[in-house]
Amino acid sequence: MAPTYALYGASPDVSRRILDDIEAQFRLTRDDFTKITSQFLEDFALGLGEYNHPMAMIPTFVTGVPDGTETGTFLALDLGGTNLRVCEVTLLGNHEFVLRQQKYKVSEALKTGEATALFDYLADSVDAFLTEFASAVPSSPTTEQANPFASPSLSELTPEPAVPLGLTFSFPVEQTALNQGKILTWTKGFSAKNAVGHDVVQLLQDAFNRNHLHVRCVALVNDTVGALLSRAYTSGGCILGSIFGTGTNGAYVERVENIKKLGDSPARQNGGYMVVNTEWGAFNNARTVLPTTPFDSKVDRESINPRLQAFEKFISGMYLGEITRNILLALIDAAPKPLLFNGRSSGPLNTHYGLDTAVMSEVEDAWESGRVPIVPVSVDSKDGKPAANGVSQSEVAREVPDWQSAHFTDVDALSPEDIARLERIRGIIMQRLELDPSDVSLRDAAIVRWASSLVANRAARLSGCAVAAVLVQTGRAKLGGGFTTDEQRISVGVDGSLIQHYPNFNARLRESLRELVGDEVEKKVDIGLAKDGSGVGAALCALQAIKQGL
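If you're wondering where the values come from, they're calculated on a predicted model, not measured in any experiment.

> Can you explain the overall build of the protein? Please cite residues and give values.
Looking only at helices and strands, the protein features 18 helices and 15 strands. Counting over 550 residues, the protein shows a buried share of 56%. Counted over contacts in the protein with a minimum sequence separation of 6, partners at least 24 positions apart contribute 71%. As displayed, the protein has an accessible area near 21,800 Å², and 51% of this comes from carbon and sulfur atoms.

Here it is, written out as structure tokens:
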């Protein structure tokens, strides 16, 4: 851990030096970010060239994205845990859609029984949904054929009145085509027999056939790919879909000629573009460029997957609270005199993952209260133009103050407004961390706020490296700036609790992006919310499958 053993005595200067040392471990320079992004690009090339690399760069066989003019009705089935979800998505052709959905519980017996029983239940759930909730009549997609991704009539492609369905299957799969994928293993408490090694799409289709359902599973979908497709439909195009939430991942549109591991396969010979699922949560598992601190090493060592998913452990919501908890415990345990909470801990602080990232968000939100809002993620307004979560761009600031400086732990130097904010944070700490009021001073509140900001700022700025790497990889930017694409707008779809709700996460990501690719390119990047990648995105993948003649 950081050198919290220093003689504290009566001097606050020693305490400040300890905080400064911790701060320095989380500070990254432009050179650091450039080196990390360069490694991203190297790992992209490795994963595109060969199989079995941590950055898997999985070909999805999705060879185009919607532009928002497509129409039609499609189904989605989302299986990822205790519940499964069936959705009907009606595309209206004006960048808007109508979603109807229903959840169904998956029993423990189904999770561990025969695969046929599980997939029959999935088919029964789709049947129940079509009977009770949906129109059950596939509408013929119509759009002018000048559009290269226009939806042909369903009747032209399938003689039977089958409703196309996209399957989001959140378990490890080796995908070999848009509508083919072999189950590698079960996770999340599932262990259905006679499923591993079999094609999940065929297992589901067999169940539909056994139940005489006029439904055809045409696409196997990853939720990150779905986020890209969803944003593409609502915004008129998209080059990157990304998740910044409990976990993280990205999928982007790549030139097929660059996916060299496809060899001489028909998919590569056809050329054009294909969506690639990066699995960037596993970036730099060797930690050669990621800025590891003792607090990160402890998180990794005590995790269920040590030395794996390194990037995810630096930037995702599952781990940020745990990194912060480790910092706070080091300050509580400082010797010979504690630097936090009078040396007292609590149940949540003593519990593995006991400090949720949501508490950090609540603390930072209280600190931001009453300040000028900062570049929120755009959502689509009714007129189709990007709107910044209801806040006009003229009302937002572009840059976040340097809240990561230990200077802001000097309570005596703060304004009355900031003191009032710290009082609110003190209340949050006492409630969420179950600490006695006598053990939580305003300076303690300032230190918790500072630690939260340190960890979250680093996460957001590292996230910017991933986005920048995709911009460079696709020829839309040059690392270091000095080049810009002719495109007026570069659309990036995002989903996840961090990017949506954590204060200033998007603004901090953008600061990193500006440093890496230059101001001119960053201004063109439209980071917008991707709506329901695992539901709407799966239905849009079914649309894409129909376009591809499946």
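> Go over the packing of aromatic side chains, please, and point to the residues and values.
If you walk through the whole model with that rule in mind, you get 17 aromatic pairs. Note on Phe40 and Phe44: the rings are 5.9 Å apart at their centroids and 70 degrees apart in plane angle, and the pair reads as edge-to-face. On the criterion of helical spacing, the pair formed by Phe40 and Phe44 is a turn pair, its members being four residues apart in helix H2 (residues 30-49). For the pair shown, Phe40 and Phe44 are each scored as buried. An aromatic cluster is present here, built from Phe40, Phe44, Phe244, Tyr252, Trp280, Phe283, Phe311 and Phe505 joined pairwise through their rings. Looking at Lys188, its charged tip hangs above the ring of Phe171, at a distance of 5.4 Å from the centre.

> Lay out the state of the cysteines with the relevant residues and their values.
Per the stated rule, a full pass over the model turns up zero disulfides. Distance from the sulfur of Cys541, which forms no disulfide, to the nearest cysteine sulfur (Cys217) is 9.9 Å. For Cys541, a relative accessible area of 1% translates into the label buried.

> Any details on the packing of H2 against helix H16 (residues 505-517)? Residues and values, ideally.
The N-to-C vectors of H2 and H16 enclose an angle of 80 degrees; their axes lie 10 Å apart at closest approach. When the axis of H2 is compared with that of H16, the two are roughly perpendicular. Each of Arg30, Phe33, Thr34 and Thr37 in H2 lies in contact with H16, whose residues at this interface are Ser512, Glu515 and Leu516. Tallied by class, residues from the contact of H2 with H16 come to two nonpolar, three polar and two charged.

> Give a description of the pattern of salt bridges that names residues and reports values.
Counted according to the given criterion, the structure contains 27 salt bridges. The residue Arg344 makes a salt bridge to Asp439 at a minimum N-O spacing of 3.6 Å. Here the residue Arg344 occupies a position in the loop between helix H11 (317-332) and helix H12 (357-368), and Asp439 occupies one in the loop between helix H13 (416-432) and helix H14 (442-473), the gap between them amounting to 95 residues. In this structure, Arg461 and Glu511 form a salt bridge, with 3.0 Å as the shortest nitrogen-oxygen distance. On the criterion of sequence distance, the pair formed by Arg461 in helix H14 and Glu511 in helix H16 is long-range, its members being 50 residues apart. One network of salt bridges, in which partners are shared, links Glu23, Arg27 and Asp402.

Calculation rules
- Residues numbered from 1 in each chain as written.
- Predicted model: local features only at pLDDT ≥ 70, side-chain atom pairs only at ≥ 80, totals over all residues.
- Heavy atoms only, no water.
- Helix = DSSP H or I, 4+ residues; strand = E, 2+ residues; numbered from the N terminus.
- Buried < 20%, exposed > 50% of the residue type's maximum accessible area, 1.4 Å probe, protein only.
- Contact = heavy atoms within 4.5 Å.
- Areas by Shrake-Rupley, 256 points an atom, 1.4 Å probe, with all protein chains shown as cover.
- Phe/Tyr/Trp six-rings, centres within 6.5 Å; stacked < 30°, edge-to-face > 60°.
- Lys NZ or Arg CZ within 6 Å of the ring centre and 35° of its normal.
- Disulfide = S-S within 2.5 Å.
- Axes fitted to C-alpha atoms, helices over the stretch in contact; angles between N-to-C directions.
- Parallel < 35°, antiparallel > 145°, perpendicular 65-115°, else oblique.
- Nonpolar A, V, L, I, M, F, W, Y, C, P; charged D, E, K, R; others polar.
- Salt bridge = Lys/Arg side-chain N within 4 Å of Asp/Glu carboxyl O.

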